[in-house]
Amino acid sequence: MDVITCYKLSPDNQDMQINPDYTVSFDRAEWIIGDFDLVAIEAGAQIAAMAEASHKGLCVGPTALSNKKARKNALSRGLDSLTVVMDDSLWNADTNLTASILAAAVRKDQECRIVICGEGSADFYYRQTGMQLGELLGWPAINGISKVLEIGEASVTALRTTEDSVQKIVIPLPAVLSVTADYAPSRIPTMKDILSAGKKPVEEVALEDLGSFESKVQIDSILAPKSRDRKGIIIDAAVDEAVDLFVEHLAKEGLV
Amino acid sequence: MAKKVWVFSDKPALMQDITAGVKECGEVSVIAVGGRELTDAAAKAGADTVYYLGDTSERMAESYTDTIAKLVEDEKPEVVLFGATLTGRAIAGRLAARFGTSVLADAKELDLSGDITKGVSMVYGGGANLKQSAKGGLTLVILGFGVLEKPEEIKAGAGKVVEVPYVEPAWNITLCEEQQRESASVNLAAAKKIVSIGLGVAGKDDIPMVKELADALDAELGCSRPIAEGLEWLPKECYIGISGVFVKSDLYLAVGISGQVQHMVGLKDAKILAAINKDANAPIMRQCDYGIVGDLYEIVPALAKRLSR
């Protein structure tokens, strides 16, 4: 049996630069695995260990995925192998496009019974891909999985954390599970993990070998928000005076 | 052009909020899963038609996905709006795959007026706004509380109830047990006034002091992320910022909050931003309407006392 964990590589939000026209640039950004996807890889590793399965990584995106350091980083965190599907048309791919490609790649692995996705990606955080992927495969799919309790022949028993409850649910296999951001802390790779990561197999699959795909949403613009003009009134006085002044302002604003 | 707009949320208050907000855009129907009283609640919020699917005593709300898909196929709405909850996301995602469309996820602005639905979502951890257009056909949108402007007076709809037969799905996820967990009863996204605390507050024992000020202002209590995650002094639902709550309050009073960007994006839409901070050079002091420089342990009680006078 195989457990496949899907993860996304995206430019580090911290490296985003804002141009004078409010457009944003990631030219100098480092491409990283998002925090939620690092958790997904850890969850996948734990679930694969429970199921005595091999743990395979699957990553879809633009050619920045050729980055050796990022591949090694993923492989040092409990993956046995990695498949990457790279194409520059996949920069800012919408959720349906990404899920369709992932589905085509998962279908190639006859041994796969469980697919793990993270809560959401670090760049768009739409929290959609796992659910769409499951439906495209025709497999049960569910989000919010906070703990896998038991893996049987035909089903998985797991906890699901919703906004106001914790559910114990049984999901028929094969299935796609999206795990919560706090499923398990992602491991810190040891020197041994890092060294062995370099020797693990990586398969590159061409997009056209998986089929033809199209986006369903058009991106019109990505712009940094204009900051709101604030009044910038600083009150620096003795406590009682400061309080009186502040309350006066609040009254003028109609807030008290 | 009057559009066929549908609304679904497993949270009744969110369903009502979205329904009332979208009323002007066309013919509004609600997909109701849960107690019978939902049909009335939907009509009150403006629903012309309420499709009643059934309750969740024997099956999860997610199990109705096939029933909703059949209904969408038969009735062909142009837009389906989902409340931003785990269940809303799960059902929207499956429908998107089923109908070969994508989802405008977590729209913080939505334009339903044209043939093509446009939405704005926050991306890159709040660093940018992504504006996108659905490519026609069925459009699915996920949105949170208070995104749509509601009219002053909410007009009820005809509320015609249509009973929809259950479609047995190919597979079922079984719910064995469900335990309620403690969640904050406050809805900061809808709060008019918020007093929010950060790491400038030294200990959990000091929270009642700030709460007293919040009460004097008739405000809700919120916080920055470290207070809720990490210190866990307040529930997770109380933190404002990226991956937390986004507020639109008339007043946001930040107490002992330095003003990191991850926090600030969550309160961009607050009308008046005030801050109490002992450091006149804290980032928040350069981005606020009113900044009081001083020790919060002196200012907060004095302000509470002054306001309760």
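Structure: above.
Residues numbered from 1 in each chain as written. Chains lettered and ligands numbered in written order. Predicted model: local features only at pLDDT ≥ 70, side-chain atom pairs only at ≥ 80, totals over all residues. Heavy atoms only, no water.

Novice: What should I look at first to understand the pairing of strand 10 (residues 155-161) of chain A in this one?
Specialist: Along any regular strand the residues' side chains alternate between the sheet's two faces. Residues and elements named next belong to chain A. As paired strands, strand 9 (residues 141-151) and strand 10 are joined by 5 bridges and run antiparallel to one another. In the strand pairing of strand 10, Glu 150 is matched with Thr 157. Two elements, strand 10 and strand 11 (residues 165-172), share 7 bridges in a ladder whose sense is antiparallel. By the bridge assignment, Ala 158 is partnered in strand 11 with Ile 169. Two successive antiparallel strands, strand 10 and strand 11, enclose a turn made up of 3 residues. (Pairing = 2+ DSSP bridges. Helix = DSSP H or I, 4+ residues; strand = E, 2+ residues; numbered from the N terminus.)

Novice: Mind showing me how you'd approach the interface of chain B and chain A here?
Specialist: How big an interface is tends to be expressed through the accessible area that disappears when the partners come together. If you look at the interface, chain B gives 80 residues, while chain A gives 71 residues. Buried surface at the junction of chain B and chain A, both sides included, amounts to about 6600 Å², of which 57% is carbon and sulfur. On the chain B side of the contact with chain A, B:Leu86, B:Tyr124 and B:Tyr290 bury the most area, a combined 13% of that side's loss. Summed over the shared surface of chain B and chain A, the number is 10 salt bridges. B:Glu177 is the salt-bridge partner of A:Lys168, the closest N and O atoms lying 3.9 Å from each other. Applying the counting rule to chain B against chain A returns 44 residue pairs in polar contact (both at pLDDT 80 or more). Among the elements that take part in the side of chain B that touches chain A, helix 4 (residues 86-98) of chain B stands out by supplying 10 residues, more than any other. When its residues are assigned to classes, the side of chain B that touches chain A shows 37 nonpolar, 21 polar and 22 charged. Bridge count between strand 15 (residues 233-235) of chain A and strand 15 (residues 290-293) of chain B: 3 bridges; the pairing is parallel. Of the residues in strand 15 of chain B, the one forming a bridge with A:Ile235 is B:Ile292. (Contact = heavy atoms within 4.5 Å. Buried area = accessible area lost by both parts, 1.4 Å probe. Salt bridge = Lys/Arg side-chain N within 4 Å of Asp/Glu carboxyl O. Polar contact = N/O pair within 3.5 Å; in protein donor to acceptor, adjacent residues only side chain to side chain. Nonpolar A, V, L, I, M, F, W, Y, C, P; charged D, E, K, R; others polar.)

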